[in-house]
Amino acid sequence: MPELPEVEAVTVGLSKIISAGAKVTAIEVLSPKLRTLIPPKIKKDLIGQKLVSLRRRAKYILFEFTDYTLISHLGMTGSWRHFNSQDECRLHDHFSISFDNIKMIYNDPRRFGVIDYAKNDLLQKNKWLEHLGVEPLDKAFNSDYLIAKAKGKKTKIKSFIMDQRNVVGVGNIYASEALYLAQIKPKRMAGRVSAAEWELLAQAIKSTLNKSIASGGTTLKDYRQVSGEKGGFQSQLLIYGRVGEVCRRCAENKIKSSVRMAQIVGRSTYWCNHCQK
Ligand SMILES: [Zn+2]
């Protein structure tokens, strides 16, 4: 399922094709059934709008136009691709948006994605965006913030960093990776993590996400960049998916310890019992 780095890579991919100032010339709703129905008025309201910017907020891609913002969430299997005149439509194409001779298509086999829009002055109150917490790559996401948020919390630290009200876009893969880097066990209580450990974790989350963005994201199964290519970060995962393998950090220190796996709130979680405390 696409997480923050994958959504960032798709946003960057889209902005390489569609420039600011481009005008919406056509919209087609090919199959409106996604997580919620694509609003029927989208065509009437967005045609003629000029693109101001393309940006990511949490796991949403925001196409900011003059008066409205198109909101796209990739769900589990959503993808955007550039449609050339010689291409054919594909099964599970749901939506297209054209800017003169540039046509972008949204495809989503499992239909957990979202295509919605809002008036710009009401964007912050949109139901998908209004409860989102701080961005992990912002300066405001730091140990002081985390210490204050986690005070007295009896949640496991992995669940805490995956809670969108605390910080957005740290999904299952990156939570395991960052906790491994910061040497914190995923089952630790969030309220019992020290200030120094929060600092390490904040830095680990930022560096893991940034490395993945630089590689175009992680493809375990379906995720594709706008170019159609897979992401490249799956080959750099340190702990995720490595149950039973030797822990690389322990091996470097000539210690034998193998990677463990358990479910935390229904999500596969990987850690090393020896070097994560
Ligand atoms: Zn280890």
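Residues numbered from 1 in each chain as written. Predicted model: local features only at pLDDT ≥ 70, side-chain atom pairs only at ≥ 80, totals over all residues. Heavy atoms only, no water.

**Things to note about the sheet that holds strand β4 (residues 68-73)**
Inclusion rule: Strand pairing is defined by DSSP finding a minimum of two bridges between the two strands. The helix and strand labels rest on DSSP assignments: H or I over at least four residues marks a helix, E over at least two residues marks a strand, and numbering proceeds from the N terminus. Each axis is a line fitted through C-alpha atoms, taken for helices only over the stretch in contact, and angles between the N-to-C directions span 0 to 180 degrees.
Taken in spatial order, the 4 strands of this open sheet run β2-β3-β4-β8, and their pairing is antiparallel. This sheet does not close on itself; its edge strands, each paired only once, are β2 (51-57) and β8 (114-119). Neighbour-to-neighbour, the strand axes of the sheet open up by a mean angle of 20°, direction not taken into account. Note that β2 and strand β3 (residues 60-65) share 6 bridges and pair antiparallel. Bridge pairing in β3 places arginine 57 opposite tyrosine 60.

**Some details on the sheet that holds strand β5 (residues 79-83)**
Strand order in this open sheet of 4 strands is β1-β6-β7-β5, and the pairing throughout is antiparallel. Every interior strand has two partners, whereas the edge strands, β1 (26-29) and β5, have only one. Across the sheet, the mean angle from the axis of one strand to that of its neighbour is 20°, orientation sign disregarded.

**Considering unusual backbone geometry**
Basically, it comes down to this: A 1.4 Å probe rolled over the protein chains alone gives each residue an accessible area, and that area as a share of the maximum for its type sets the label: buried under 20%, exposed over 50%, partly exposed in between.
Phi angles above zero are rare outside glycine, and arginine 111 is one such case at about 60°. Among the secondary structure elements, arginine 111 is positioned in the loop between β7 (102-107) and β8. Note on arginine 111: relative accessible area 44%, which makes it partly exposed. Of note, the phi angle at valine 265 is positive, near 45°, even though the residue is not glycine. With relative accessibility at 69%, the residue valine 265 sits in the exposed group.

**Overview of the layout of surface pockets**
Basically, it comes down to this: Computed over the protein atoms alone on a 1 Å grid, cavities are sets of points where a 1.4 Å probe fits but cannot get out and pockets are open sets with protein on both sides within 12 Å along at least five of seven lines; a residue lines them when it has an atom within 4 Å of a point. Grid points are joined across faces, edges and corners, and a volume is the space filled by probe spheres set on the points. Charged means Asp, Glu, Lys or Arg here, nonpolar means Ala, Val, Leu, Ile, Met, Phe, Trp, Tyr, Cys or Pro, and polar covers whatever is left, Gly included.
Quantified by volume, the largest pocket comes out at close to 670 Å³. Met1, Pro2, Glu3, Lys59 and Arg267 are, among the 30 residues lining the largest pocket, the residues nearest its centre. Along the lines of polarity and charge, the residues of the lining of the largest pocket split into 13 nonpolar, 8 polar and 9 charged. If you add up the space inside the second largest pocket, you get close to 230 Å³. If you go around the second largest pocket, you meet 15 residues; those closest to its centre are Ser79, Arg90, Asn107, Asp222 and Arg224. If you tally residues by element for the lining of the second largest pocket, the top one is β5, at 3 residues. Partitioned by chemical class, the residues of the lining of the second largest pocket number 4 nonpolar, 7 polar and 4 charged.

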